[in-house]
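Survey of secondary and tertiary structure
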Amino acid sequence: MKGRAETSPGTDEGAVEEPFEDTPGAAPGRVSWKRDLARSLCRARDIEKVLGVTAGSLEAVCAAYPARISPSVRQALSGPCGGPENPVWRQFVPDPREPDGTGEEDPLCEEAQSPVPGLVHRYPDRVLFQVETRCAVYCRYCLRKRLVGKKQEHGKEALEEGIGYIRKTPAVREVVLSGGDPLLLEDSVFFGLLSRLRDIPHVEVLRVHTRAPLALPSRITPAFARRLARFFPVYMNVQANHPSELGGEGGRALRILGAAGIPLGSQSVLLRGVNDSAETLAGLFTALLRLGVRPYYLHHLDRVRGAGHFYTPPGRGLRIMETLRARVSGMALPRYVVDLPGGAGKAALSPQTILGRRGGKWRVRSATGRVVEMDED
Ligand SMILES: *Cc1c(COP(=O)(O)O)cnc(C)c1O
């Protein structure tokens, strides 16, 4: 039997994507990650049926932008709090408002800054290498809605071209593996890629950006984590937007990675109706810290087409950051960043702390809101 062993309405048999084969010899008693992935909800009518959404209402949006709801996300959607107001629901269940025509296909101009397909070289010393176009879940606000889950030319040749570019560009000291989700690659491809990058003398640091530990926790096993840790220094940034994503198996996957010695960071996106309050974000960031994950960035939402209903103005983000600064440990506080239009790159959005200068003294506002004067020299 292939990935269609369970024939609940939730299987994605017949979906556009090729089925994920089960690994021969997968550990007994454990559901392999490929089997888990194959049990995802992908088709509009399956999602409607399983989640109790009006039949036919998601047909158009799923045709425009692929959907995938992994078993662990689906679990978070069941129960009394599982309706459309649920922050996990909002992030992953397609919304008929998506094709609203506002925003841009490629708001960060990534295509224009790609010397070879699937590799973005915006900053001199590091590249973003999109090594896979599929994900374990499709975030409805994704910055790469234009390409994720769709047939792309990011096959073997694109990977070769990317590696070739990095090898002949000595300014590149860090490679960020992104996608899509790099952890949807088979182990042999994923670790093969890391080995080849490690063999390039000027590549000092490797970084993996993924949702898999939380969206597909079966992807992370102690053996996988140990093998990854051998590529030291290799950093992993996971995405999480709401504290309810961190319970259960996902939290366990993060602990496995942390225990194997992989430094973990997080990236979150400020999303209306999901996490646009200081209270929710304080809960998220402190919960991440307890799991050994250092909050790295809170992203201001990019103006991507199909995600307008998630937009939160920067002024609101700044007020939230100001409240957080007084409330949580500095270890739990990420930088709030925006990716500027036109491919100009990231810029920090920081609450104002230097209020002015008077007679050789600086007036500075502390985290708790006290204004204190300090000498200039
Ligand atoms: C965000 C990003 C990076 C990584 O930036 P850091 O600030 O180092 O996390 C690299 N390349 C591109 C194209 C990016 O968008």
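Residues numbered from 1 in each chain as written. Predicted model: local features only at pLDDT ≥ 70, side-chain atom pairs only at ≥ 80, totals over all residues. Heavy atoms only, no water.

**A look at the pattern of salt bridges**
Close approach of charged atoms allows side chains with opposite charge to pair. Using the following cut-off: The salt bridge definition used is simple: a Lys or Arg side-chain nitrogen within 4 Å of an Asp or Glu carboxyl oxygen. We count a stretch as a helix when DSSP gives it H or I for four or more residues in a row; a strand needs E for two or more, and each element gets its number in order from the N terminus. Accessible area is worked out with a 1.4 Å probe on protein chains only. A residue is then buried under 20% of its type maximum, exposed over 50%, and partly exposed in between.
Evaluated as defined, the whole model comprises 27 salt bridges. Measuring nitrogen to oxygen at the nearest pair gives 3.0 Å for the salt bridge that ties Glu376 to Arg357. Residue Glu376 is located in the segment after β12 (371-375), and its partner Arg357 is located in strand β10 (residues 354-358); the two are separated by 19 residues in the primary sequence. Taking the relative accessible area as the measure of exposure, Glu376 reaches 35% and is therefore partly exposed. Ionic pairing is found between Lys361 and Asp375, a salt bridge with its closest N-O pair at 2.5 Å. Note that Lys361 is positioned in strand β11 (residues 361-365) and Asp375 in strand β12, a separation of 14 residues in sequence. Beyond isolated ion pairs, a larger network of salt bridges with shared partners links Asp106, Glu110, Glu111, Arg144 and Arg146.

**Brief notes about empty space enclosed by the protein**
Here the idea is plain: a probe the size of a water molecule rolls over the atoms and shows the empty space left. Short version of the rule: Here a cavity denotes a set of grid points, spaced 1 Å apart and computed over the protein atoms alone, in which a 1.4 Å probe fits but from which it cannot get out, and a pocket denotes an open set meeting protein on both sides within 12 Å along at least five of seven lines; residues with an atom within 4 Å of a point are reported as lining. Grid points are joined across faces, edges and corners, and a volume is the space filled by probe spheres set on the points. Side-chain classes follow a simple rule in which Ala, Val, Leu, Ile, Met, Phe, Trp, Tyr, Cys and Pro form the nonpolar group, Asp, Glu, Lys and Arg form the charged group, and the remainder, Gly included, forms the polar group.
Under the criterion given, the structure shown has two cavities of 30 Å³ or more. Of the volumes computed, that of the largest cavity is approximately 50 Å³. Taken together, Tyr65, Pro66, Tyr138, Cys139, Arg140, Cys142, Lys145 and Val148 make up the full set of residues lining the largest cavity. Taken together, the residues that form the lining of the largest cavity break down as six nonpolar, no polar and two charged.

**Considerations on the packing of aromatic side chains**
Convention followed: Aromatic pairs are defined between Phe, Tyr and Trp rings, using the six-membered ring for Trp, whenever the two ring centres lie within 6.5 Å; interplanar angles under 30 degrees are classed as stacked, those over 60 as edge-to-face, and all others as tilted.
Applying the stated criterion across every chain, the model contains six aromatic pairs. With a centroid separation of 6.1 Å and an interplanar angle of 10°, the aromatic rings of Phe191 and Phe231 are classed as stacked. Taken as a pair, Phe191 in helix α7 (residues 187-198) and Phe231 in the loop between α9 (222-229) and β5 (234-239) lie far apart in primary sequence, 40 residues in all. The exposure classification of Phe191 matches that of Phe231, with both residues buried. Aromatic ring contacts, followed pair by pair, group Phe190, Phe191, Phe224 and Phe231 into a single cluster.

**Thoughts on the sheet that holds β12**
This is how the line gets drawn: One bridge is not enough; two strands pair if DSSP finds at least two bridges between them. In this analysis, axes come from line fits to C-alpha atoms, helices being fitted only over the stretch in contact, and the angle between any two N-to-C directions falls in the range 0 to 180 degrees.
Ordered by their spatial adjacency, three strands build an open sheet running β10-β11-β12, and the pairing between neighbours is antiparallel. Two strands bound the open sheet, and with one partner strand each, they are β10 and β12. Each strand of the sheet is rotated relative to its neighbour by a mean of 25°, with strand direction disregarded. Direction of pairing for β10 relative to β11: antiparallel, over a ladder of four bridges. If you follow Arg358 over to β11, its bridge partner there is Lys361.

**Here we look at the layout of surface pockets**
Each pocket or cavity is described by its volume, and for the second largest pocket that value is around 900 Å³. For the second largest pocket, the lining is made up of 40 residues, of which Leu143, Arg144, Ser178, His209 and Gln267 are closest to its centre. For the lining of the second largest pocket, the secondary structure elements donating two or more residues are β1 (119-123), β2 (126-130), β3 (174-178), β4 (205-210), β5, β6 (264-269) and β7 (293-299). With four residues, the single largest contributor to the lining of the second largest pocket is β1. The class makeup of the residues in the lining of the second largest pocket is 19 nonpolar, eleven polar and ten charged.

**Section: the site of the ligand**
This is how it is decided: It suffices for a single heavy atom of a residue to lie within 4 Å of a molecule or strand for the residue to be listed as near it. Identification of polar contacts relies on pairs of N or O atoms within 3.5 Å, with a donor-acceptor requirement for protein atoms, meaning one able to donate a hydrogen and the other able to accept it, and with residues adjacent in sequence counted only if both atoms are side-chain atoms. Here, Shrake-Rupley sampling with a 1.4 Å probe gives the accessible areas, and only protein chains in the shown set may cover a residue. Each molecule is checked against the cavity or pocket grid, and it sits inside if more than half of its atoms lie within 2 Å of the grid points.
Lining the immediate surroundings of the ligand are Val120, Arg122, Tyr123, Arg126, Leu128, Arg207, Tyr296, Tyr297 and Lys346. Separating an oxygen atom of the ligand from a side-chain N or O atom of Arg122 is a distance of 3.1 Å. Protein chains shield 91% of the accessible area of the ligand, which is 380 Å² for the free molecule. Spatially, the ligand is embedded in the second largest pocket. Put simply, the parts of the chain that give the shell around the ligand at least two residues each are β1, β2 and β7. The residue inventory of the shell around the ligand, partitioned by class, reads five nonpolar, no polar and four charged.

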